[in-house]
Amino acid sequence: MLADRLPVLSSLLRERRRSLVLWAIALAAINATYVAFWPAMGAGEEMQALVENMPEGLVQALGYDAIGTPTGYLESTVFGLLAPALLLVFAIGAGARLLAGEEEDGTLELELAHPIARRRVVAERLGTLVVTVVALVAVTTAVVLALVAAVDMDVAASAIVATAAGLLLLVLGFGLVAFGLGALTGRHGVALGVAGGLAVLAYVTDALAALVDWGRWLEAFSPFSWYLGPDPLTTGWHAGSLAALAAISVVAALVALVAFDRRDVGV
Amino acid sequence: MTTDVVIRTHALVKDYGRTRALAGLDLEVRRGEIFGFIGPNGAGKSTTIRVLLDLLRPTAGRAEVLGQDPRAGGAALRARIGYLPGELALKGRQTAGSLLQTLARLRGGAGAKRIRPLAERFGLDLERPIRGLSKGNKQKVGVVQAFMHEPELLILDEPTSGLDPLLQREFLELVLEARARGATVFMSSHVLSEVEDVAARVGIIRQGQMVDVDDVATLRHHAGQLITLTFAEPVGPEAFAALPAVENLSLEGCTLRCLLHGEPDALLKAAARHHVVAWSAENRELEDLFLDYYRVPPEELDSAAEEASAHAR
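Residues numbered from 1 in each chain as written. Chains lettered and ligands numbered in written order. Predicted model: local features only at pLDDT ≥ 70, side-chain atom pairs only at ≥ 80, totals over all residues. Heavy atoms only, no water.

Engineer: Even after reading the chapter, I still don't get the pairing of strand 1 (residues 5–16) of chain B, so can you show me in this structure?
Structural biologist: In regular strands, side chains alternate between the two faces of the sheet. Residue and element names in this part refer to chain B. Pairing geometry for strand 1 and strand 2 (residues 19–30), over nine bridges, is antiparallel. Of the residues in strand 2, the one forming a bridge with Val13 is Ala23. Hairpin connection of strand 1 to strand 2: two residues between the antiparallel strands, including Gly17 at a positive phi of 60°. Bridge count between strand 1 and strand 4 (residues 60–65): five bridges; the pairing is antiparallel. (Pairing = 2+ DSSP bridges. Helix = DSSP H or I, 4+ residues; strand = E, 2+ residues; numbered from the N terminus.)

Engineer: Quick question: what am I supposed to make of the packing of aromatic side chains here?
Structural biologist: Between two aromatic rings, the relevant description is the distance of the centres plus the angle of the planes. Residues and elements named next belong to chain A. Following the criterion strictly, the structure yields nine aromatic pairs over all chains and no others. Their ring planes at 70° and their centres at 5.2 Å tell us that Trp23 and Phe90 sit as a pair that is edge-to-face. Of this pair, Trp23 sits in helix 2 (residues 7–36) while Phe90 is found in helix 5 (residues 70–104), placing the two residues 67 residues apart along the sequence. The exposure class of Trp23 is partly exposed, given its relative accessible area of 24%. Its relative accessible area of 9% is what places Phe90 among the buried residues. Aromatic side chains Phe224 and Tyr227 sit 6.3 Å apart centroid to centroid with 70° between the ring planes, which places their arrangement in the edge-to-face category. Of this pair, Phe224 and Tyr227 both sit in helix 11 (residues 223–228), three residues apart, which is roughly one turn of that helix. Given the relative accessible area of 3%, Phe224 is considered buried. Feature note: the residues Tyr203, Phe224 and Tyr227 constitute an aromatic cluster, connected by ring pairs. Stacked on the ring of Phe260, the Lys or Arg Arg118 has its end atom at 5.7 Å from the ring centre. (Phe/Tyr/Trp six-rings, centres within 6.5 Å; stacked < 30°, edge-to-face > 60°. Buried < 20%, exposed > 50% of the residue type's maximum accessible area, 1.4 Å probe, protein only. Lys NZ or Arg CZ within 6 Å of the ring centre and 35° of its normal.)

Engineer: Just checking my understanding: could you explain the interface of chain B and chain A for this structure?
Structural biologist: Accessible area lost upon the coming together of the parts is a frequently used measure of interface size. At the interface, 28 residues of chain B touch 28 residues of chain A. Across the chain B/chain A interface, buried area totals approximately 2,600 Å², and carbon plus sulfur atoms make up 52% of it. Scanning the region where chain B abuts chain A turns up four salt bridges. Elements represented by at least two residues in the side of chain B that touches chain A include exactly strand 1, helix 2 (70–78) and helix 3 (96–106) of chain B. When residues in the side of chain B that touches chain A are grouped by element, the largest group, five residues, is from helix 3 of chain B. Its residues assigned to classes, the side of chain B that touches chain A shows 13 nonpolar, five polar and ten charged. (Contact = heavy atoms within 4.5 Å. Buried area = accessible area lost by both parts, 1.4 Å probe. Salt bridge = Lys/Arg side-chain N within 4 Å of Asp/Glu carboxyl O. Nonpolar A, V, L, I, M, F, W, Y, C, P; charged D, E, K, R; others polar.)

Engineer: Looking at this model, I keep getting lost on the pattern of salt bridges. Mind explaining?
Structural biologist: Close approach of charged atoms allows side chains with opposite charge to pair. This model, assessed by the stated rule, comprises 24 salt bridges over all chains. A salt bridge links A:Asp105 to B:Lys91; the nearest nitrogen and oxygen atoms lie 3.2 Å apart. Residue A:Asp105 is found in the loop between helix 5 and helix 6 (107–112), and its partner B:Lys91 is found in the loop between strand 5 (81–84) and helix 3; the two belong to separate chains. Residue classification places A:Asp105 among the partly exposed residues on the basis of a relative accessible area of 31%. Classification of B:Lys91 as exposed rests on a relative accessible area of 53%. For B:Glu177, the salt bridge identified is with B:Arg121, shortest N-O distance 2.8 Å. With B:Glu177 in helix 6 (residues 165–180) and B:Arg121 in helix 4 (residues 115–121), this residue pair connects regions lying 56 residues apart in the sequence. With a relative accessible area of 38%, B:Glu177 lands in the partly exposed category.

Engineer: Can you walk me through the sheet that holds strand 12 (residues 255–260) of chain B in this structure?
Structural biologist: Either a parallel or an antiparallel arrangement is found when strands of a sheet pair, and the pairing is made through backbone hydrogen bonds. All names here are of chain B. One open sheet holds the four strands; their spatial order is 11-12-10-13, and the pairing between them is antiparallel. Looking along the sheet, the strands with just one partner apiece sit at the ends: strand 11 (246–252) and strand 13 (276–283). Here the strands of the sheet are splayed against their neighbours by 15° on average, with no regard to which way each runs. By the bridge criterion, five bridges tie strand 11 to strand 12 in an arrangement that is antiparallel. Each residue of the ladder has a partner; that of Ser250, found in strand 12, is Arg257. (Axes fitted to C-alpha atoms, helices over the stretch in contact; angles between N-to-C directions.)

Engineer: What is the right way to read the nonpolar core from this model?
Structural biologist: In summary, soluble globular proteins display a tendency toward joint burial of nonpolar side chains. Residues A:Leu74, A:Phe79, B:Phe147, B:Leu156, B:Phe171, B:Phe186 and B:Met187 are the most contacted members of the largest nonpolar core, which totals 151 residues. The residues touching B:Phe171, leaving out its near neighbours within four places in the chain, are B:Phe122, B:Val143, B:Phe147, B:Leu156, B:Pro159, B:Thr160, B:Leu163 and B:Met187. (Core = buried A, V, L, I, M, F, W, Y, C linked by side-chain atoms within 4.5 Å.)

Engineer: What's the story with helix 2 of chain B in this structure? I'm lost.
Structural biologist: Because an α-helix packs 3.6 residues into every turn, residues spaced three or four apart end up facing the same way. Those residues of helix 2 of chain B not exposed but buried are B:Pro70, B:Gly73, B:Gly74, B:Leu77 and B:Arg78. Against the buried residues of helix 2 of chain B lie helix 6 of chain A together with helix 1 (45–52), strand 4 and strand 5 of chain B. The N-cap residue of helix 2 of chain B is B:Asp69: its side-chain oxygen and the backbone nitrogen of B:Arg71 are 3.1 Å apart. (Polar contact = N/O pair within 3.5 Å; in protein donor to acceptor, adjacent residues only side chain to side chain.)

Engineer: Help me understand a nonpolar patch on the surface, please; the structure alone is not making it clear to me.
Structural biologist: All names here are of chain A. A cluster of nonpolar side chains, Val190, Val194, Leu198 and Leu201, forms an exposed patch at the surface whose accessible area comes to about 310 Å². When you line up the elements, Val190 lands in helix 9 (residues 188–209). Accessibility expressed as a relative area gives 35% for Val190, which makes it partly exposed. (Patch = residues over 30% accessible without salt bridge, like charges linked within 9 Å, V, L, I, M, F, W, Y side chains within 5 Å. Areas by Shrake-Rupley, 256 points an atom, 1.4 Å probe, with all protein chains shown as cover.)

Here's what the structure looks like:
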C-alpha cells in the first residue's frame, strides 16, 4: 500500500486533497474561459484595433504583437500569463510551506523524532510538491487541449504539450527553489519572499528583454525567457531550454537534500 | 551493545548564534530508572532533549543515547525511543486517529494496535479533527504516540503540562508501568512536584549546566527545616549568627527564624541560654530547595554544591 511505503507523502496528499481539488477547478475554469473567448476576442477586429492603439513598447512587453494569431493569443493569455502566475503562486507557496513552514510552526518536529531518516522526510515532502504541481499542470493542459480543439484554434496539440512541459519545469523550478531555501534556512518567510521575488524578477527581465536592443543577452538570465523564448507554441520541442529549466529543479532538490540533513531543526 | 547507562552527555555545549544554551552539560541516566530533569524555563532542558533526538547538533561535547551517537544512530536508534515534545504542535484537518495511524506507519506499524486502548484510557476521541482539539486533548495525542510502541526509552519534555490532575495521575501510572516492563524514563519539568512521586533520581539544570544530581531522598534531606523560636524577651543575633548548620537567620523582636541543614544540637544549646516560650520546626518543600538553586549566582552555587555533597557523605 502507498501509505505504508510512502507514509509522509500519502499523509500530506490526504491532508491537502481538498485544497488541491479547489486549485484544479480554479485553474481549469480561468484558463478555459480565456481559450473560449478566442473566437470573440483574438480573432475579432476589436482586439486588433485595441492593440493598434496601445503604445508599441507596451505591446511588445506584454507580447501582444501577435495576439491576433492563435498561437500569439494562447501565449499572451494562458501560457504567458495566467497559468504561470497562478501555478507559481501555488508552487512557491507549497514549496515554502512543505518544509520551512511546517518546521516553523513546529509540526515537523514530531515527524523527525520518528524512525525515518531526514533525507527521506525531505524526499517525500519534495515528492509531494512534484506530484501536486504535475497534477495541476496536467489538468490545465488537458483543459486547454480540449478547448483549443472545441473552438477550432489552429495550434498543434504537440506544440501545446511541448509548451506545457516548459511550463511544468518553470513552475516546478521556482517551487523547488522555495523548498530548497526553506531547507537551507528553515525560515518560511525567506523561502516565500526570495523565491517569489526571483519569479517576479524573471518575468520582468523577460518582458524587458523584448523592449531593449541588448534583449537577447538579458534573456539568458530569465527562466521565463527559456520557457517561451523559443516560441514552443509554434515551433514545438526545444530540448536545450527544457534542460536548462530542469536544471533549476535538480539543483534546488539537491541543495534541499544535502542542507536539511546537516543543520539544526526548529531553532 | 548493552550498557547500564542509557543516556550520557559529556561536556555538552550548544550555542544558538551568540547565546549559549548548554554550557558543558554532564548527564547520566541509568537503565530502568525514572530520571527527573528539573530546571526553570530557559535553563536548557528542551535543548538537551532535542540534541538527544538529533533535532539539534551539539556545538561541542558528546551525547550518547542507548550507547550510540544520536546522529550516527539515526532512524534505527529513534525506533527505540518514544518522544513527547515540550511544545507539541499538531495541526490539520485529519482526525486524531488518522494522525496516530500515520505516526505508527512511520514506525513500520509498531504501536498501531495500542492506539485505541490508550486513547480510551485517557478519554481521547479519535474521531475528532486535530485542529479542533484543546491543548489538553492534543497533549493526550502526544502521550499516546510516545507510549504506543512500548519503547525501551521514553524522553518526555514537560509531559504533564495541559493535563488535568486526574489525567496527570493516570499519566504517572503509565510511566510506572513503562518502568515495570523495563523501560527507562527521562522526563523534564520546571516543577519538582510533578516528578518527585515517580522519579528515583533528579537532576537540576541551571543556565545550561547540571548543578546537582541526587536521589529524591537525599534532596529532601538537603532541603532542611525552617525553625522558628520565640523568646520571652528580645535576644541579640551574635549568639546565633555563627552557629553551624544555620542559615538565613532573621530576628524580629522576640522571634528568631532560620533555615537548618543537619543537626539542631548547637542551635538548641544556644537557645537554651534564653527563656524559650515557643518553637516550631517545619520540613521544607523540595520546591524551595530549587528556588535556592535558581536564586544563587553560578559561582556561589559551585561551592554550595560541594558543601551539599560533603554534607551527604
